[in-house]
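Residue-level listing of the chains:
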Amino acid sequence: MTEKKDGSSGSIHAMGHALLDRLNGPQKAAASHVEGALLVLAGPGSGKTRVMTHRIAHMIGQGVPAWEIVALTFTNKAADEMKRRLAMLVPGQKVWAGTFHKFCATLLRRYASLVGLKENFSIYDRDDQRKALKQAIEEAEVELFQYTPDEIANKISWAKNQLISPEEYTARPGDPLGSLVERTYEAYQRRLLEANAVDFDDLLYHVARLIRDHEDLRRALDQRFKYILVDEYQDTNLVQYMIVRGLSIDHPNLAVTGDPDQSIYGWRGASLNNIMEFEQDYPDVEVVRLEQNYRSTHAILSVADQLIRNNAYRKHKELFTENQGGTAVKLVHYSDHRDEADRIADQILDAVQEGRRQARDFAIFYRVNALSRTLEQALRRRGLPYQIVNGLEFYQRREVKDILAYLLLLNNPQDDIAFERIINVPARKIGKTTVGHLRRHARQYRMPMIDAAREALTIEGLSPRSAKMVAQFVSLYDELSPLVTQPVEELMGQVMVKTAYRDLLANSDKEEDQQRLANIDELLSAAREYDDEVGEEGGLEGFLEQASLVADTDALHTENDKITLMTLHAAKGLEFPCVYIVACEDNLIPHSRSKNDPDQIEEERRLLFVGITRAEEELQLSLAHYRTLRGSDFPTSASPFLLELPREQMDVRDMGLGSRFDLPDFMPETDVEMTFETPWEGDADFSADSSPEEEVYDDQGAKSGKGGSKKKKSGSGGHKLLTAAQMAGESVSRRVDPELFQFGMLVSHPEYGSGKIVALSGRGLKRTASVDFFDGSQKKFRLAFATLQPISAAD
DNA sequence: ATTCGCAAAGTTTTT
DNA sequence: CTTTGCGAAT
């Protein structure tokens, strides 16, 4: 994220005694703590990360070996930020910092055999998990009646979070769903083990069980990781608690930071009790409260504070700031959703046009994703650039998952989910029936499906035609198999070519497929980056693990000059100069589904608190008299939380009902550069009109297309020809810049003739291209030295 | 094996 | 208003 304005980079003060000088009193107290338990109750914007990193640096300065320190976070982003700052504070010191899941994955690879896995296990995301579960349900011959696999999955997940094994799981009498789980949980877990795979929950679950059930191992790990730090401790669940607890018995040097007021993931199993009862768990704990806020104005902080005081289950903090009062927090009542969006967009447009603000200074938060649409339209009609943080992540896209499935299967031949995903992708005339036969055979003889495929000819009921197709797939697999030791980029490139996956997309004239092509090329560059980063070691397994555990690192580019739209949940951990929180209405926040349970109401209040405290300088809360949501239009009532705010200090306005029916549609009053010609509402193909280099919107899957028809990013992928200038330049100079060569490019070689680049790997002088020549031969070239000439760009 | 059409349901989702 | 899932029809 952006650098804190209190100068928290700290890089200049890395040395000795000066290290803690720039911290305030409580920060210093926390950072200079070394032995024993520490609880840092950190209010929003109180410099928590700064304290953690300085504490680590201080510990190292006190002679603690870096490798005895582990810092656990929930997100990769938080971990990366911590590493970045540590690299400046204590250069060259290898402190292990990463997510819980990554930490557990690493441990589990080492001790896989203790839980019946092999070290090359696959990690299943929700999608794969669902598939495995459905299979398990089928195989256990359980009739679901009205229940869905999702409900079962949630219960299983819950059980794992309670550290309950399939054997231990017992349904309460008269709990029909529970008894279904009782019968499926075991089958599901067996299925995972047979596939040598784990789901996200398992990563934590297996490690927690190991620690609990193998005292010798627990002791060894406790010894190895003498100093443990946990960030966002209020979000830990029971399993995480057990892990951390188990590793801090002989060496109870456990430092946790968090803020009970920012716990918003209770619904996912996070247990606020962990932080609330930390002092009971570690009686000798030192408790530090970070109450000074460096982020927000007094006006904003005071609103936040007033709100959160209404929660009963919390640890009170006297939040304060030395920042100036700032402008009053606005609370605006609009007539309807459209008015709300338009007026907000107007405000932003004004500020940007007048040069007071940049687009990137603004963020708009909402409780549910469905609320984003109106805002998008309003911004779009004004030509204001925005980005949405949500949904369809890169690694979830079908084409990306397909390619990854090939790699997964190559890395872990037991991975039947991966096998089934790709056996007929691209289409090989291997249909449901054939796959069914393979699966039955595989289960019957307890073998992976790839091995069953090898015996296709012997499988009864499988037509010779089908068997032949399967055999072809097997030989494809065997052809790719020896390449697993190659750099990932090379391997992936070969997969794309040998499977004809790439050609399939390249030869399609559907725009959608062109987008897909661009995506797999992006995957290819992810592989390349990985190869560069890890060098020789790491390998395929590391890449796959990263792909599973890294949601999408660059979902949010703050360097882009764009307005950010996101849910309140997604806003946690971020900060913006100007924040809008829309639809502060009853049944939205608190959400109607949370209103029965007082605990959930408190969580909703925390959610609003989190939103408010993201704002640095300006904050506006808004609501509408009428809201159109999901097609229906209804009158609203204000969120009860608004009544808890110090409205006398705020700028409260009612923009009235009257305007509701005579509001003209937005008309651009001025022509500025950033206003695009958009005669058709919601139907503008902006990127086509703007510079092809610059994407205007970070829209998910090309939102600017009309009514579901997907549109590709202009200028990416596709049929590019080299410019005349490039061609001319190349024909003169014999060698070409190695970076110019692209995947799929046609090239010519003085000796071998023409061919196509089917793989690329390495960087700089080592950058190597594999070329399939049209005479059938394949050669590899060091691009810096080869006399290879591009004929045309990719495809 | 894709495509179409209809019904149903829609809170939030760090890994 | 959307998206999504399933069953039926090319």
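The preceding data block contains the structure.
Reference entry: report on the structure contained in this document. These figures come from a predicted structure and were not determined experimentally. (Residues numbered from 1 in each chain as written. Chains lettered and ligands numbered in written order. Predicted model: local features only at pLDDT ≥ 70, side-chain atom pairs only at ≥ 80, totals over all residues. Heavy atoms only, no water.)

### Some points on the overall build of chain A
Phase 1 of the analysis: Looking only at helices and strands, chain A has 27 helices and 21 strands in total.
Phase 2 of the analysis: Here chain A, with 795 residues, has 56% of them falling under the buried criterion.
Phase 3 of the analysis: Across chain A, the fraction of contacts at a sequence separation of at least 24, relative to all contacts at a separation of at least 6, is 75%.
Phase 4 of the analysis: Carbon and sulfur atoms make up 51% of the accessible area of chain A, which totals about 34,700 Å². (Helix = DSSP H or I, 4+ residues; strand = E, 2+ residues; numbered from the N terminus. Buried < 20%, exposed > 50% of the residue type's maximum accessible area, 1.4 Å probe, protein only. Contact = heavy atoms within 4.5 Å. Areas by Shrake-Rupley, 256 points an atom, 1.4 Å probe, with all protein chains shown as cover.)

### Some remarks on the environment of Tyr530
Phase 1 of the analysis: In this fold, Tyr530 is placed in helix α23 (residues 511–534).
Phase 2 of the analysis: Along the backbone, Tyr530 and Glu489 are 41 residues apart, and their C-alpha atoms lie at a distance of 8.4 Å.
Phase 3 of the analysis: For Tyr530, the contacting residues outside a window of four places in its chain are Val488, Gly538, Gly539, Gly542, Phe543 and Gln546.
Phase 4 of the analysis: For Tyr530, the side chain forms a polar contact with the main-chain oxygen of Gly539, separated by 3.0 Å. (Polar contact = N/O pair within 3.5 Å; in protein donor to acceptor, adjacent residues only side chain to side chain.)

### Topic: the pattern of salt bridges
Phase 1 of the analysis: One pass over the full model with this rule turns up 62 salt bridges.
Phase 2 of the analysis: Residues Glu215 and Arg219 are paired through a salt bridge, measuring 3.5 Å at the closest nitrogen-oxygen approach. One end of the pair, Glu215, and the other, Arg219, are both in helix α9 (residues 215–224), four residues apart, so they sit about a helical turn from each other.
Phase 3 of the analysis: Of the residues examined, Glu215 reaches a relative accessible area of 37% and is grouped as partly exposed.
Phase 4 of the analysis: By relative accessible area, Arg219 is classed as partly exposed at 45%.
Phase 5 of the analysis: Taking the shortest distance from any N to any O, the salt bridge between Asp261 and Lys317 comes out at 3.3 Å. Of this pair, Asp261 sits in the loop between β7 (253–258) and α11 (272–276) while Lys317 sits in the loop between α13 (298–308) and β9 (330–336), and the two are 56 residues apart along the sequence. The two residues Asp261 and Lys317 agree in class, both being buried.
Phase 6 of the analysis: Each of Asp125, Asp127, Asp128, Lys401, Asp402 and Arg421 takes part in one network of salt bridges that share partners. (Salt bridge = Lys/Arg side-chain N within 4 Å of Asp/Glu carboxyl O.)

### With respect to the side chain of His591
Phase 1 of the analysis: By the secondary structure assignment, His591 is in the loop between β13 (576–581) and α25 (598–612).
Phase 2 of the analysis: With relative accessibility at 17%, the residue His591 sits in the buried group.
Phase 3 of the analysis: With residues up to four places along the chain from it excluded, the contact list for His591 reads Arg367, Val368 and Glu604.

### As for the packing of helix α6 (residues 149–161) against helix α8 (residues 200–213)
Two measures define how a pair of helices packs: the angle their axes make with one another and the distance between the axes.
Phase 1 of the analysis: Where α6 meets α8, the axes come as close as 9 Å, and the angle between the chain directions of the two elements is 25°. In this view, α6 runs roughly parallel relative to α8, as classed from their interaxial angle. Once α6 is placed against α8, the crossing between them reads as left-handed. Contacts from Ser157, Lys160 and Asn161 in α6 reach Asp201, Asp202 and Tyr205 in α8.
Phase 2 of the analysis: Looking at the contact of α6 with α8 residue by residue, the classes come out as one nonpolar, two polar and three charged. (Axes fitted to C-alpha atoms, helices over the stretch in contact; angles between N-to-C directions. Parallel < 35°, antiparallel > 145°, perpendicular 65-115°, else oblique. Left-handed = near helix turned anticlockwise from the far one by under 90°. Nonpolar A, V, L, I, M, F, W, Y, C, P; charged D, E, K, R; others polar.)

### Focus: the nonpolar core
Soluble globular proteins tend to pack their nonpolar side chains together in the buried interior.
Phase 1 of the analysis: Ranked by internal contacts, the top residues of the largest apolar core, which has 69 residues, are Leu108, Leu203, Val230, Ile243 and Phe278.
Phase 2 of the analysis: Apart from the residues within four sequence positions on either side, Leu108 is in contact with Val115, Leu117, Phe121, Val198, Asp202, Leu203, His206, Val207 and Leu210. (Core = buried A, V, L, I, M, F, W, Y, C linked by side-chain atoms within 4.5 Å.)

### Re helix α5 (residues 126–139)
Phase 1 of the analysis: When the terminal C-alpha atoms of α5 are compared, their 20 Å separation across 14 residues agrees well with the 20 Å that a helix rising 1.5 Å per residue should span.
Phase 2 of the analysis: For α5, the set of buried residues is Asp128, Gln129, Ala132, Leu133, Gln135, Ala136 and Ile137.
Phase 3 of the analysis: The backbone nitrogen of Asp127 has a side-chain oxygen 3.0 Å away, supplied by the residue at the start of α5, namely Asp125.
Phase 4 of the analysis: Looking one or two residues past α5, Glu141 carries a phi angle of roughly 50°, positive in sign. (Expected span 1.5 Å × (residues − 1).)

### Topic: the packing of aromatic side chains
Phase 1 of the analysis: All told, the structure shown has 11 aromatic pairs when counted by the stated rule.
Phase 2 of the analysis: With 5.4 Å between their ring centres and 80° between their planes, Tyr233 and Phe278 make a pair best called edge-to-face. Here the residue Tyr233 occupies a position in the loop between β6 (227–230) and α10 (238–246), and Phe278 occupies one in helix α12 (residues 278–281), the gap between them amounting to 45 residues. This pair shows no difference in class: Tyr233 is buried, exactly as Phe278 is.
Phase 3 of the analysis: Pairwise contacts between aromatic rings join Trp96, Phe103 and Phe225 into one cluster.
Phase 4 of the analysis: Lying across the ring of Phe121, Arg109 places its NZ or CZ 4.0 Å from the centre.
Phase 5 of the analysis: For the cation-ring pair, Arg245 lies above Tyr282, with the distance from its terminal atom to the ring centre recorded as 4.6 Å. (Phe/Tyr/Trp six-rings, centres within 6.5 Å; stacked < 30°, edge-to-face > 60°. Lys NZ or Arg CZ within 6 Å of the ring centre and 35° of its normal.)

### Some remarks on the side chain of Ser296
Phase 1 of the analysis: Residue position: Ser296 is located in the loop between β8 (286–290) and α13.
Phase 2 of the analysis: With a relative accessible area of 1%, Ser296 lands in the buried category.
Phase 3 of the analysis: Polar contacts involving the side chain of Ser296 include one to the main-chain carbonyl oxygen of Ala615, which spans 2.7 Å.
Phase 4 of the analysis: Once you skip the residues sitting within four places of it in the chain, Ser296 turns out to touch Leu301, Thr321, Asn323, Thr613, Ala615 and Glu616.

### Side note on the environment of Ser248
Phase 1 of the analysis: Of note, Ser248 is situated in the loop between α10 and β7.
Phase 2 of the analysis: The exposure class assigned to Ser248 is buried, which follows from its relative accessible area of 3%.
Phase 3 of the analysis: The sequence separation of Ser248 and Arg218 amounts to 30 residues, and the corresponding C-alpha distance is 9.6 Å.
Phase 4 of the analysis: With near-sequence residues (within four places) excluded, Ser248 lies in contact with Asp222, Ile228, Leu254 and Tyr282.
Phase 5 of the analysis: One polar contact links the side chain of Ser248 to the main-chain carbonyl oxygen of Val244, over a distance of 2.7 Å.

### Regarding the sheet that holds β7
Phase 1 of the analysis: One open sheet accounts for six strands, arranged β3-β2-β6-β7-β1-β8; its pairing is parallel. This sheet does not close on itself; its edge strands, each paired only once, are β3 (96–99) and β8. The sheet shows a mean angle of 15° between the axes of neighbouring strands, taken without regard to direction.
Phase 2 of the analysis: The pairing of β6 with β7 spans four bridges and is parallel. Across the sheet, Tyr227 pairs through a bridge with Asn253, a residue of β7.
Phase 3 of the analysis: Sitting on the sheet, helix α4 (residues 100–110) touches β2 (69–73), β3 and β6, and the angle it makes with β3 is about 110°. (Pairing = 2+ DSSP bridges.)

### Some thoughts on the pairing of β6
Phase 1 of the analysis: Both faces of β6 are covered, namely the face carrying Tyr227 and Leu229 and the face carrying Ile228 and Val230.
Phase 2 of the analysis: Taken together, the four bridges between β2 and β6 define a ladder with parallel strand orientation. The residue of β6 that forms the bridge with Leu72 is Val230.
Phase 3 of the analysis: Read from β6 through α10 to β7, the crossover connection turns out right-handed. (Right-handed = clockwise from strand over helix to strand, strands pointing away.)

### Focus: unusual backbone geometry
Phase 1 of the analysis: Omega for the peptide link from Val425 to Pro426 comes to -5°, which places this bond in the cis form.
Phase 2 of the analysis: With respect to the element layout, Pro426 can be found in the loop between α17 (416–422) and α18 (432–444).
Phase 3 of the analysis: Across the junction of Ile589 and Pro590, the peptide omega takes the value 5°, indicating a cis bond.
Phase 4 of the analysis: On the secondary structure map, Pro590 appears in the loop between β13 and α25.
Phase 5 of the analysis: Backbone geometry at Ala583 places phi at a positive 55°, although glycine is not the residue there.
Phase 6 of the analysis: Note that Ala583 resides in the loop between β13 and α25.
Phase 7 of the analysis: Look at Ala583 and you get buried, because its relative accessible area is 1%.
Phase 8 of the analysis: A positive phi angle, close to 55°, is found at Arg630, a residue other than glycine.
Phase 9 of the analysis: Its place among the elements puts Arg630 in the loop between β14 (615–629) and β15 (632–635).

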